[in-house]
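The chain contents come next:
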Amino acid sequence: MIISNVVGKPIRLDGVRRVSLASVKLRDVMLALKEGYTLKYIARADFKERRASVEPVRIPRADILSQVRGTMNAVKIRSDVGDYLFIGRGGGAVETAHIVLDDILSIALEVGGCVRPGG
Amino acid sequence: MYQALNPYGLDYIDLDILYSSVTPDVHVELTPSDYVSEAPALQNVLRALDYGVNVVTANKAPLVLAYDEVMGRAKARGVMVRFKATVMGGSPFIDMLLSMRSHDVVGVEGILNATSNLILTLMEDEMVELEGAIARAQAPGVAEANVELDIGGSMLQPNS
């Protein structure tokens, strides 16, 4: 929902389909693996349809998303210009602290009147 | 005991008292998300904006629950709201997305919840059931204290 607001095409809460991870069994994970897939908890948003979903999805092993493991996150962005892939830590104390600090610094630089190019 | 050791301390924060004695440049909201009661983050953020204070939030609840209100209030007071840590917390994803000004973004797809991805990875690597993986994921302090927030899709859903 935050992403949808950032791109200026808000998706309402009732436009989001949610399937909990709670029903996933070890059997499902192993069966997917055996058949050449990795089970991933995938978030999708379609800004044309204004719909989004979050659900466990079987991702082919060859797909880059299946290789994003542990606390790593990844997002594929589709635009009218091209496709983009962004991979990075989804959390972590030091990493997240830096992100918050970067936000504070960007405001400080702007308030202080020393806006850097791109800052 | 706490009071006795800290005669000048309070075990709570009253933003009105705080803001009546100091004039901060930036309010940094790091409280945990609560999508039901909205407390305290949404109230804190709106209060700060009303005082004309710039806001940085790592708590996504205020934006999920009231994006337009928060941004509208900031615009009205001429202050900034930054929220890079609310999506893909440890990475500068939002900045990149914001910089794609001429793009018509038609869709996104991905893995946006570190805890649920860690849980699935642990199930795969160590062949443990969901409960065992959750217990393991909570150990390094990655999972929310309320795991339902992670695995129920309510964290991801706000992100998407």
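In what follows, the accompanying structure is described. (Residues numbered from 1 in each chain as written. Chains lettered and ligands numbered in written order. Predicted model: local features only at pLDDT ≥ 70, side-chain atom pairs only at ≥ 80, totals over all residues. Heavy atoms only, no water.)

Remarks on the overall build of chain B
- In terms of helices and strands, chain B carries nine helices and four strands.
- Burial analysis of chain B (160 residues in total) assigns 51% to the buried set.
- Counting only contacts in chain B whose residues sit at least 6 apart along the sequence, the fraction spanning at least 24 positions is 56%.
- When the accessible surface of chain B is split by element, carbon and sulfur atoms take 55% of a total near 7500 Å². (Helix = DSSP H or I, 4+ residues; strand = E, 2+ residues; numbered from the N terminus. Buried < 20%, exposed > 50% of the residue type's maximum accessible area, 1.4 Å probe, protein only. Contact = heavy atoms within 4.5 Å. Areas by Shrake-Rupley, 256 points an atom, 1.4 Å probe, with all protein chains shown as cover.)

What to know about the pairing of strand β2 (residues 37-46) of chain A
- By the criterion of burial, β2(A) is predominantly enclosed, with seven of the 10 residues buried.
- In the sheet, β2(A) pairs with strand β3 (residues 51-60) of chain A via 10 bridges, with the strands oriented antiparallel. Bridging from a neighbouring strand, A45(A) pairs with A52(A) of β3(A).
- A loop of four residues connects β2(A) with β3(A), the two strands running antiparallel in sequence, and R50(A) in this loop sits at a positive phi of about 55°.
- One ladder, built from four bridges, connects β2(A) with strand β4 (residues 105-111) of chain B; its direction is antiparallel. Looking across to β4(B), one finds that A45(A) is bridged to V108(B). (Pairing = 2+ DSSP bridges.)

Digging into the interface of chain A and chain B
- Each partner contributes to the interface: chain A provides 67 residues, whereas chain B provides 66 residues.
- Of the roughly 6400 Å² buried between chain A and chain B, counting both surfaces, carbon and sulfur atoms make up 65%.
- Scanning the region where chain A abuts chain B turns up six salt bridges.
- With a shortest N-O distance of 3.7 Å, K84(B) and D103(A) are connected by a salt bridge.
- At the junction of chain A with chain B, the criterion picks out 27 residue pairs in polar contact (both at pLDDT 80 or more).
- Going through the elements one at a time, α1 (2-6), β1 (16-18), α2 (26-34), β2, β3, β4 (72-79), β5 (83-89) and α3 (93-111) of chain A are the ones with two or more residues in the side of chain A that touches chain B.
- Of the residues contributing to the side of chain A that touches chain B, the split by class is 38 nonpolar, 13 polar and 16 charged. (Buried area = accessible area lost by both parts, 1.4 Å probe. Salt bridge = Lys/Arg side-chain N within 4 Å of Asp/Glu carboxyl O. Polar contact = N/O pair within 3.5 Å; in protein donor to acceptor, adjacent residues only side chain to side chain. Nonpolar A, V, L, I, M, F, W, Y, C, P; charged D, E, K, R; others polar.)

Thoughts on the sheet that holds strand β3 (residues 81-82) of chain B
- Pairing is parallel in the open sheet, where three strands are placed in the order β1-β2-β3 (chain B). Both edges of this open sheet fall to β1 (26-29) and β3 of chain B, since each of them pairs with a single strand only.
- Here β1(B) pairs with strand β2 (residues 54-57) of chain B via four bridges, running parallel. Across the sheet, residue E29(B) finds its bridge partner in β2(B), namely T57(B).
- The strands that α3(A) touches are β1, β2 and β3 of chain B; relative to β2(B), the one it contacts most, it runs at about 165°. (Axes fitted to C-alpha atoms, helices over the stretch in contact; angles between N-to-C directions.)

Things to note about the nonpolar core
- In this structure, F93(B), I119(B) and M123(B) are the most contacted members of the largest nonpolar core, which totals 60 residues.
- If sequence neighbours within four positions are ignored, M123(B) has contacts with V24(A), K25(A), L26(A), V29(A), M30(A), V128(B), E129(B), L130(B) and A133(B).
- Judged by nonpolar contacts, the second largest core, of seven residues, contains V57(A), I59(A), V68(A) and I111(B). (Core = buried A, V, L, I, M, F, W, Y, C linked by side-chain atoms within 4.5 Å.)

Thoughts on helix α3 (residues 41-50) of chain B
Residue and element names in this part refer to chain B.
- Of all 10 residues that make up α3, seven are buried, and the element is covered over most of its length.
- Within the span of α3, buried status applies to A41, L42, N44, V45, L46, A48 and L49.
- Looking at the buried positions of α3, the neighbouring elements they touch are α2 (15-21), β1, β2, α4 (61-77) and β3.

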